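# Summary of structural features
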Protein chains: 2
Amino acid sequence: MAGSGSDGGSGLGSRGGLGALLRVPVGERVDLAALSTSATPGGPAGKAAGVAAAARMAEPLAALQERLYAAGTAGDRRRLLLVLQGMDTSGKGGTVKHVIGPFNPSGCRVKAFKAPTAEEREHPFLWRVEQALPQPGEIGIFDRSHYEDVLIARVHGLAPRSVLDGRYAEINRFEQSLVDDGVTLVKVFLHIGYEEQRDRLLERLDNPEKHWKFNPGDIEERAAWPAYREAYELALERCSTDAAPWYVVPADRKWYRNWAVATLLREHLEAIDPQYPKGDFDVEECRAHLLAT
Amino acid sequence: MAGSGSDGGSGLGSRGGLGALLRVPVGERVDLAALSTSATPGGPAGKAAGVAAAARMAEPLAALQERLYAAGTAGDRRRLLLVLQGMDTSGKGGTVKHVIGPFNPSGCRVKAFKAPTAEEREHPFLWRVEQALPQPGEIGIFDRSHYEDVLIARVHGLAPRSVLDGRYAEINRFEQSLVDDGVTLVKVFLHIGYEEQRDRLLERLDNPEKHWKFNPGDIEERAAWPAYREAYELALERCSTDAAPWYVVPADRKWYRNWAVATLLREHLEAIDPQYPKGDFDVEECRAHLLAT
């Protein structure tokens, strides 16, 4: 998938990198069936190289996060929000575990969105998302997100069609307001194949220690695969904007998925280029004062 | 510091382990000056051995956390809350970073408490703590906590003495209610020495990339060291209960601190002994159903 050429909100589109390769061009149709789920665009040559490359990113990622956090303590409002979406078993949880590993947990805000609670259902659909946003200097990670309100909600008709149709523009306005407030959005669709999902569900069935992750309802959801694909295509088409583009990450290969999401994070953090704040105190005076204690 | 012999809320006191060694006996006076900050009670022989032992704990800790989280998805309300307190530079942040490393971030809820906001000041002091509690199956980590309301609040007279004096019993009732609701509290005081604090503050001054962590006000707070020590002694004495004991971890040596907190977490998670829930579905039927898709 080629970059849109726009320099967009993230400032990455025209600069190349993995972002340009995986980015959903603004305003174009998306045909997920035509996008490979097992390809490794821009990636290392194979699993061993991919795992090694991801490991080498741990230190620079941690350093970038520390600078972002440090800048946040001095009034810089910028922050990053990683949004992970994908079919059941696409590896959202696994991505959180692997990609967030290098970061200092104190500066991360992870939120897994489940079916809305009674309280959440009483509020507009963006309300619960607003409660979970990263604060300045933080890295937020959403495992599912407000997109569920145009995905499962569309597939199962949880709201009237006219309401559903209005949500895309609402989401775009909301995300623009986040970007205006200093949030860099990295929206990632983990793209797995139909066969791969079956294998992963079977794996859960085969291992009693994974039964807690399995729900017979997952099989029924699987029957709605074409409807979900269509709902994803609409969401990616309508909500990949210059300010907040979507990235499609082929996710059948876990090593590539982990490497790709880490690389996207790295590219966006480098574009933010956070700086350690300068202390507004006299170092020598403080040192003397301290040595006298 | 010997265990109280009570089998207490954590069920660990009478079983030995590091918990029994570091536990503040219920109802006894605490003299922090008499407790070494550089000792390594119950610990490995030295730094290399300590780092290696901590690394070996990563896998069992991750496995225990996954079981706790899995049990939480099936109605088990149990969870763990690590409370970290200590003087400035005692390593609360570093402990979070190192000890939480092995865990899946999705199941962790880290909260660093700062000076209360205007909104927080309008509520009872436990209010903001209640908002940040771990949910069933989660591991919560507090970097500072409700104890600040009997520490800095006492040292700086932020509330009338009678109010301050009433807070210890309030805290004990609150913590008992948490324990009754399935929370295992692990309250750790990171005990550093006066000289060690000076060295760590100087280190921050010497490195421009650490200036953001330095505040000239830290030197003034350091002048209140004896008042803080006394406030800590009172908090440890009055709030080390059978239900929620305090542990004093000598923290001048970072490798020991990391090893000790990881070990305390491991002992408490093993005492919880969370179990993977059994699936309430027919595995063979699901497999057949799935293979037909």
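Just so it is clear, the structure is predicted and the values come from calculations on it, not from any experiment.

### A word on the interface of chain A and chain B
- Of the residues lining the interface, 36 residues belong to chain A; the matching set on chain B comes to 36 residues.
- When chain A packs against chain B, close to 3,800 Å² is buried across both sides, 70% of that on carbon and sulfur atoms.
- Taken together, the links from chain A to chain B amount to two salt bridges.
- Two residues, R287 of chain B and D206 of chain A, come together in a salt bridge whose shortest N-O distance is 2.1 Å.

### Notes on the relation of the copies chain A and chain B
- With an axial shift of 0.0 Å and an RMSD of 0.0 Å, the rotation relating chain A to chain B amounts to 180 degrees. What the rotation and shift describe, once combined, is the action of a two-fold rotation axis.
- Residue by residue, 100% of the interface of chain A is reproduced at the interface of chain B, so both copies engage with the same surface.

### Concerning the sheet that holds strand β5 (residues 246-250) of chain A
Residue and element names in this part refer to chain A.
- The parallel open sheet is built from five strands, whose spatial order is β2-β3-β1-β4-β5. Only two strands of the sheet have a single neighbouring strand rather than two, namely β2 (108-112) and β5. Adjacent strand axes in the sheet meet at a mean angle of 20 degrees when their direction is disregarded.
- Taken together, the five bridges between strand β1 (residues 79-86) and strand β3 (residues 139-143) define a ladder with parallel strand orientation. For L80, the partnering residue across the bridge sits in β3 and is I139.

### Description of the packing of aromatic side chains
- Taken as a whole and judged by the stated rule, the model has 16 aromatic pairs over all chains.
- For the ring pair F113 of chain B and F142 of chain B, a centre distance of 4.9 Å and an interplane angle of 85 degrees mean the geometry is edge-to-face. Of the two residues, F113 of chain B is situated in the loop between β2 (108-112) and α4 (118-121) and F142 of chain B in strand β3 (residues 139-143); the sequence distance between them amounts to 29 residues. The pair formed by F113 of chain B and F142 of chain B is uniform in burial state, with each residue classed as buried.
- Ring centres 4.8 Å apart and planes at 70 degrees place the aromatic pair Y147 of chain B and W246 of chain B in the edge-to-face group. One end of the pair, Y147 of chain B, is in the loop between β3 and α6 (152-155); the other, W246 of chain B, is in strand β5 (residues 246-250), with 99 residues separating them in the sequence.
- Of the residues examined, Y147 of chain B reaches a relative accessible area of 0% and is grouped as buried.
- Across the ring face of Y168 of chain A, the terminal group of R238 of chain A is positioned such that the distance to the ring centre comes to 4.6 Å.
- Over the ring of Y194 of chain B we find R222 of chain B, and its NZ or CZ is 3.7 Å from the ring centre.

### Some words on the pairing of β1 of chain A
- Burial of β1 of chain A is extensive: eight of the eight residues sit out of reach of the surface.
- Burial along β1 of chain A is two-sided: R79, L81, V83 and Q85 of chain A and L80, L82, L84 and G86 of chain A, pointing in opposite directions, are all buried.

### With respect to the pattern of salt bridges
All names here are of chain B.
- Here the structure, examined in full by the defined rule, presents 36 salt bridges over all chains.
- Here R78 makes a salt bridge to D76, at a shortest N to O gap of 3.0 Å.
- Exposure remark for D76: the relative accessible area of 23% places this residue in the partly exposed category.
- Between K210 and E203 there is a salt bridge, and its shortest N-O distance comes to 3.8 Å.
- Overall, the relative accessible area of 30% leaves K210 in the partly exposed class.
- Here E203 falls in the partly exposed class, since its relative accessible area comes to 41%.

### Structural notes on the sheet that holds β2 of chain B
Residues and elements named next belong to chain B.
- Pairing within the open sheet is parallel, and its five strands lie in the order β2-β3-β1-β4-β5. The open sheet has two edge strands, β2 and β5, and neither has a second partner. Neighbour-to-neighbour, the strand axes of this sheet turn through a mean angle of 20 degrees, independent of strand direction.
- As paired elements, strand β1 (residues 79-86) and strand β4 (residues 183-191) share eight bridges and run parallel to each other. Across the sheet, residue L81 finds its bridge partner in β4, namely L185.
- Most of the contacts of helix α10 (residues 225-239) go to β5, to which it runs at about 140 degrees, and overall it touches β1, β4 and β5.
- Relative to the sheet, helix α11 (residues 254-272) contacts β1, β3, β4 and β5, its axis offset from that of β4 by approximately 165 degrees.

### Observations concerning α11 of chain B
- For α11 of chain B, spanning 19 residues, the distance from its first C-alpha to its last is 27 Å, which sits close to the expected 27 Å at 1.5 Å a residue.
- One or two positions beyond α11 of chain B, positive phi appears at D273 of chain B, with a value near 50 degrees.

### Structural notes on the packing of helix α7 (residues 161-180) of chain A against helix α10 (residues 225-239) of chain A
All names here are of chain A.
- Where α7 contacts α10, the two axes come as close as 10 Å, and the packing angle between them is 45 degrees. The orientation of α7 relative to α10 falls into the category oblique. By crossing handedness, the relation of α7 to α10 is classed as right-handed. Touching D165, Y168, I171, N172 and E175 of α7 are L234, A235, R238 and C239, all from α10.

### A look at the environment of V96 of chain A
- The residue V96 of chain A is located in helix α3 (residues 92-100) in this model.
- Linking V96 of chain A and L84 of chain A, residues twelve residues apart in sequence, is a C-alpha distance of 8.7 Å.
- For V96 of chain A, the contacting residues outside a window of four places in its chain are L84, G101, V110 and I141 of chain A together with P105 and S106 of chain B.

### What about the environment of R79 of chain A?
Residues and elements named next belong to chain A.
- If you trace the backbone, R79 turns up in strand β1.
- By relative accessible area, R79 is classed as buried at 5%.
- A sequence separation of eleven residues divides R79 from L68, and the C-alpha atoms of the two residues are 7.2 Å apart.
- Beyond its immediate chain neighbours, meaning those up to four positions away, R79 contacts L68, P134, Q135, P136, G137, E138, D181, G182, V183, T184 and I272.
- At 2.8 Å, the side chain of R79 forms a polar contact with the backbone oxygen of R77.

Parameters and conventions
Residues numbered from 1 in each chain as written. Chains lettered and ligands numbered in written order. Predicted model: local features only at pLDDT ≥ 70, side-chain atom pairs only at ≥ 80, totals over all residues. Heavy atoms only, no water. Contact = heavy atoms within 4.5 Å. Buried area = accessible area lost by both parts, 1.4 Å probe. Salt bridge = Lys/Arg side-chain N within 4 Å of Asp/Glu carboxyl O. Least-squares fit on C-alpha atoms with pLDDT ≥ 70 in both. Pairing = 2+ DSSP bridges. Helix = DSSP H or I, 4+ residues; strand = E, 2+ residues; numbered from the N terminus. Axes fitted to C-alpha atoms, helices over the stretch in contact; angles between N-to-C directions. Phe/Tyr/Trp six-rings, centres within 6.5 Å; stacked < 30°, edge-to-face > 60°. Buried < 20%, exposed > 50% of the residue type's maximum accessible area, 1.4 Å probe, protein only. Lys NZ or Arg CZ within 6 Å of the ring centre and 35° of its normal. Expected span 1.5 Å × (residues − 1). Parallel < 35°, antiparallel > 145°, perpendicular 65-115°, else oblique. Left-handed = near helix turned anticlockwise from the far one by under 90°. Polar contact = N/O pair within 3.5 Å; in protein donor to acceptor, adjacent residues only side chain to side chain.

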